[in-house]
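Chain by chain, the residues run as shown.
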Amino acid sequence: METIVYDAKGQEKGRIELPAFFCTEVSGVLLHEVTTAYLSNQRFGTHKTKTRGEVSFSGAKPWKQKGTGNARAGQRNSPLWRKGGIIFGPQPRDYYTKMSKQKKRLSLSMAFSAQLQKGNVIVVDSVKVDEVKTKKVVELLRNLKVEGQKIIFAISNDINFKVASRNVQNVVVENIKNINAYQVLWADKLITTPEAIDSIKKRQSL
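Residues numbered from 1 in each chain as written. Predicted model: local features only at pLDDT ≥ 70, side-chain atom pairs only at ≥ 80, totals over all residues. Heavy atoms only, no water.

Colleague: Got a minute to help me understand the side chain of asparagine 175 in this structure?
Modeller: Summarising the element assignment, asparagine 175 is placed in strand 5 (residues 171-175). Residue classification places asparagine 175 among the buried residues on the basis of a relative accessible area of 19%. In contact with asparagine 175, not counting residues within four places along its chain, are Ile155, Ser156 and Asn157. (Helix = DSSP H or I, 4+ residues; strand = E, 2+ residues; numbered from the N terminus. Buried < 20%, exposed > 50% of the residue type's maximum accessible area, 1.4 Å probe, protein only. Contact = heavy atoms within 4.5 Å.)

Colleague: I keep staring at the side chain of threonine 24 and nothing clicks. Help me out?
Modeller: Following the sequence through the fold, threonine 24 ends up in the loop between strand 2 (12-17) and helix 1 (28-41). Judged by its relative accessible area of 16%, threonine 24 falls in the buried class. Of note is the side chain of threonine 24, whose polar atom sits 2.9 Å from the backbone oxygen of phenylalanine 21. The contacts of threonine 24, once residues within four sequence positions are left out, are Leu106, Ser109, Met110, Ser113 and Gln117. (Polar contact = N/O pair within 3.5 Å; in protein donor to acceptor, adjacent residues only side chain to side chain.)

Colleague: Teacher, can you tell me more about the pairing of strand 3 (residues 121-124) here?
Modeller: Side chains on a regular strand alternate between the two faces of the sheet. The alternating pattern of strand 3 places Val121 and Val123 on one face and Ile122 and Val124 on the opposite face, and all of these are buried. Here strand 1 (residues 2-6) runs beside strand 3; their pairing, made up of two bridges, is parallel. Considered in strand 3, the bridge of valine 5 is made with valine 123. Inspection of the sheet shows strand 3 paired to strand 6 (residues 189-192) by three bridges, in the parallel sense. Directly across from isoleucine 122, in strand 6, lies its bridge partner isoleucine 191. (Pairing = 2+ DSSP bridges.)

Colleague: Before we go on, may I ask you to explain helix 1 in this structure?
Modeller: Structurally, the α-helix is built with 3.6 residues per turn, so residues lying three or four positions apart point the same way. With 14 residues, helix 1 should cover 20 Å at 1.5 Å per step; its first-to-last C-alpha distance of 20 Å lies within 8% of that length. Listing the buried residues of helix 1 in full gives Leu30, Leu31, Val34, Thr35, Ala37 and Ser40. Residues of helix 1 that are buried sit in contact with helix 2 (101-117) and helix 5 (181-186). (Expected span 1.5 Å × (residues − 1).)

Colleague: Honestly, the nonpolar core in this entry has me stumped. Any pointers?
Modeller: For soluble globular proteins, nonpolar side chains are generally found buried alongside one another. If you look at the biggest cluster of nonpolar residues, it comprises 28 residues, and the most contacted ones within it are Phe22, Phe112, Ile179, Val184 and Leu190. Of all elements in the fold, only helix 1, helix 2, strand 3, strand 4 (151-155), helix 5 and helix 6 (194-204) reach the threshold of two or more residues within this core. Here the element with the most residues in this core is helix 2; it accounts for five residues. Discounting chain neighbours no more than four positions away, the residues touching phenylalanine 112 are Phe21, Phe22, Val121, Ile179, Val184, Leu190 and Ile200. Ranked by size, the runner-up nonpolar core spans 18 residues in total, among them Ile122, Val127, Ile151 and Ile155. (Core = buried A, V, L, I, M, F, W, Y, C linked by side-chain atoms within 4.5 Å.)

Colleague: So what exactly am I meant to see when it comes to a nonpolar patch on the surface here?
Modeller: On the surface, Val132, Ile159 and Val163 cluster together to form a nonpolar patch covering roughly 230 Å² of accessible area. Inspection of the secondary structure puts isoleucine 159 in helix 4 (residues 159-164). (Patch = residues over 30% accessible without salt bridge, like charges linked within 9 Å, V, L, I, M, F, W, Y side chains within 5 Å. Areas by Shrake-Rupley, 256 points an atom, 1.4 Å probe, with all protein chains shown as cover. Salt bridge = Lys/Arg side-chain N within 4 Å of Asp/Glu carboxyl O.)

Colleague: Teacher, can you tell me more about the environment of glycine 59 here?
Modeller: Within the fold, glycine 59 resides in the loop between helix 1 and helix 2. Note on glycine 59: relative accessible area 55%, which makes it exposed. Remark: the alpha-carbon pair of glycine 59 and asparagine 77, spanning 18 residues in sequence, is separated by 8.1 Å. Leave out the neighbours within four places in its chain, and glycine 59 touches Gly74 and Gln75.

Laid out in structure tokens, this is it:
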């Protein structure tokens, strides 16, 4: 499958033959599984509530058992009382979900394919900037007519461009060797380069 290659000014420069992994059949079940696992793995799992045994209260009986007119009570740390312990509250846990390399690789190919089918993949001949300036990135987005959208640049490692884009809202710059299916699907537009496609072609073709 071919697609257009644009220059930094948004003008058509030529065409490029996309690798086979851009034509992978999409499975919504697998993409859901992988993206859910990715989001779970971002969680720290440090949430914590105190049980009745951890609440700091005296163990003394609030009042005598009979004769006060009050309901029977044994301790102030009861979950029925204000500031008492929490029943079945969240406790620290590990949310890590293991995913096989095959699933990760296949889901990434599916994500690329899904975005290509929607017309959301833009190939630019180069995204290098001569100055580390935010306005250079904004100008590129304006030329490509993608301003105001969620953009992910899947490119080869380029520190200058990554630094220049840090202050642009909803723009993520990721080394294409580290990109995952969730990041690809998150974006409204995926912008990449022929160089980046060549660098990932071998890994996705295994």
